Amino acid sequence: MRGNKTLDLNGRKIETNLADNLFSVGEKNSPATFTITDSTTKDADLRKALPNGPSLLPKPNEDNAGDLKTGSLGIFRGAVGKEATLNGDVLTYYIAESHRNVQQVGATNEYQVGYSIDMSTVGSITSTNDTADKASSVVFLANPASTLNIEGGRLSATGGDAHAVNMNQGGTLKMTGGFIVGSTTIGHGAAISADNKDTNATINISIGGNAVIAGNHAAKNGGAMWVRSVQDSPQASIFVGGDALIAGNKAGSEPIKSVEKGKYADLCNGGGIFAD
């Protein structure tokens, strides 16, 4: 696409099995800007607290922290180790919140709070690639000066070497809302893949507002985000702030079985973010 374009999903769903890029932003010599939004849910608060309420977290110490080598979780790690899950349209996740300890000056108590988000009413774009050796994406930034704004909606890409957002030519991503969930890839970066090895271009990624990146799985590195900036090229910039949520993403095709030095580097890393 050329120029400045906006797609308002308006609660609608777009599905494709195209083994290619659904949206290509810009051309070789012409950058463009593409904005994805969903007017029906953009400003809606879809988050709901789980009914069991907050739970007080134990203070960590040598006795309850567990042991990675033996696989023992301990009371502390067992309490804080709840994984975010994505089941159909419903995302469930947990965060820690601090509150002042009224009995001890300057101290706080930490509580674990669970939330769920029902995305069934959110406009969505789903790309399913049935060709294992073919790269595909929902949005491809075809020019290193192109920009993608995600303000609302839900993006997902699965099958083969798929990415919801492909920034392997460089470019700028500004995500202030919406969801990138349930994406899978046989390569790097299921939700977002960014690499400037072919262009030496600038990579700028900003995740803020109430954006959600969850439940994505890369067989290699970076379940939510894989970013590589080659030597002597402009450094990649990654910002995550506001109330943005990155949770329940996975990397690698098998679990880590040993924490000994040199034993797990080849299993792939960065379930959330892998930056190189």
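Use the structure listed above.
All values derive from a computational prediction rather than experimental measurement.

Moving on, we come to the nonpolar core. Grouped together as the largest cluster of nonpolar side chains are 32 residues, with contacts concentrated most on Val139, Leu148, Met167, Ile180, Ile192, Ile205 and Ile207. The element that contributes the greatest number of residues to this core is strand 14 (residues 161-167), accounting for four residues. If we skip the residues at most four places from it in the chain, Leu148 touches Phe34, Ile36, Val139, Leu141, Val165, Thr172, Leu173 and Lys174. Counting 15 residues, the second-largest nonpolar core is a separate cluster that includes Tyr93, Tyr115, Val181 and Ala247.

Before going further, it helps to spend a moment on the pattern of salt bridges. Taken as a whole and assessed by the stated rule, the structure comprises five salt bridges. For Asp195, the salt bridge is made with Arg228, and the minimal N-O distance between the two is 2.8 Å. Residue Asp195 is found in strand 18 (residues 192-195), and its partner Arg228 is found in strand 22 (residues 225-228); the two are separated by 33 residues along the sequence. Taking the relative accessible area as the measure of exposure, Arg228 reaches 25% and is therefore partly exposed. Across the salt bridge formed by Lys197 and Asp198, the nearest N and O atoms sit 3.3 Å from each other. We classify Lys197 as partly exposed; its relative accessible area is 45%. A residue is classified by how much of its surface remains accessible, and Asp198, at 55% relative accessible area, is exposed.

Turning our eyes to something else, we now look at the pairing of strand 12 (residues 147-150). Residues Thr147 and Asn149 of strand 12 are buried on one face, and the alternating residues Leu148 and Ile150, pointing to the opposite face, are buried as well. Sheet topology places strand 4 (residues 32-37) next to strand 12; four bridges connect them, and they run parallel. Each bridged residue has a counterpart across the sheet, and for Ile36 the counterpart in strand 12 is Ile150. In this sheet, strand 15 (residues 171-175) lies alongside strand 12 in parallel orientation, the contact comprising four bridges. The residue bridging Leu148 from the neighbouring strand is Leu173, located in strand 15.

All right, on to the packing of aromatic side chains then. Given two aromatic rings, their pairing is described by the distance between the two centres and the angle made by the two planes. Evaluation of the coordinates by the stated rule reveals two aromatic pairs. Judged by centre distance (5.8 Å) and plane angle (25 degrees), the ring pair of Tyr93 and Tyr115 falls under stacked. Of this pair, Tyr93 sits in strand 8 (residues 90-100) while Tyr115 is found in strand 9 (residues 108-118), placing the two residues 22 residues apart along the sequence. Each member of the pair, Tyr93 together with Tyr115, is buried. Positioned above the aromatic ring of Tyr115, the side-chain terminus of Arg47 is 4.1 Å from the ring centre.

About the cut-offs
- Residues numbered from 1 in each chain as written.
- Predicted model: local features only at pLDDT ≥ 70, side-chain atom pairs only at ≥ 80, totals over all residues.
- Heavy atoms only, no water.
- Core = buried A, V, L, I, M, F, W, Y, C linked by side-chain atoms within 4.5 Å.
- Buried < 20%, exposed > 50% of the residue type's maximum accessible area, 1.4 Å probe, protein only.
- Helix = DSSP H or I, 4+ residues; strand = E, 2+ residues; numbered from the N terminus.
- Contact = heavy atoms within 4.5 Å.
- Salt bridge = Lys/Arg side-chain N within 4 Å of Asp/Glu carboxyl O.
- Pairing = 2+ DSSP bridges.
- Phe/Tyr/Trp six-rings, centres within 6.5 Å; stacked < 30°, edge-to-face > 60°.
- Lys NZ or Arg CZ within 6 Å of the ring centre and 35° of its normal.

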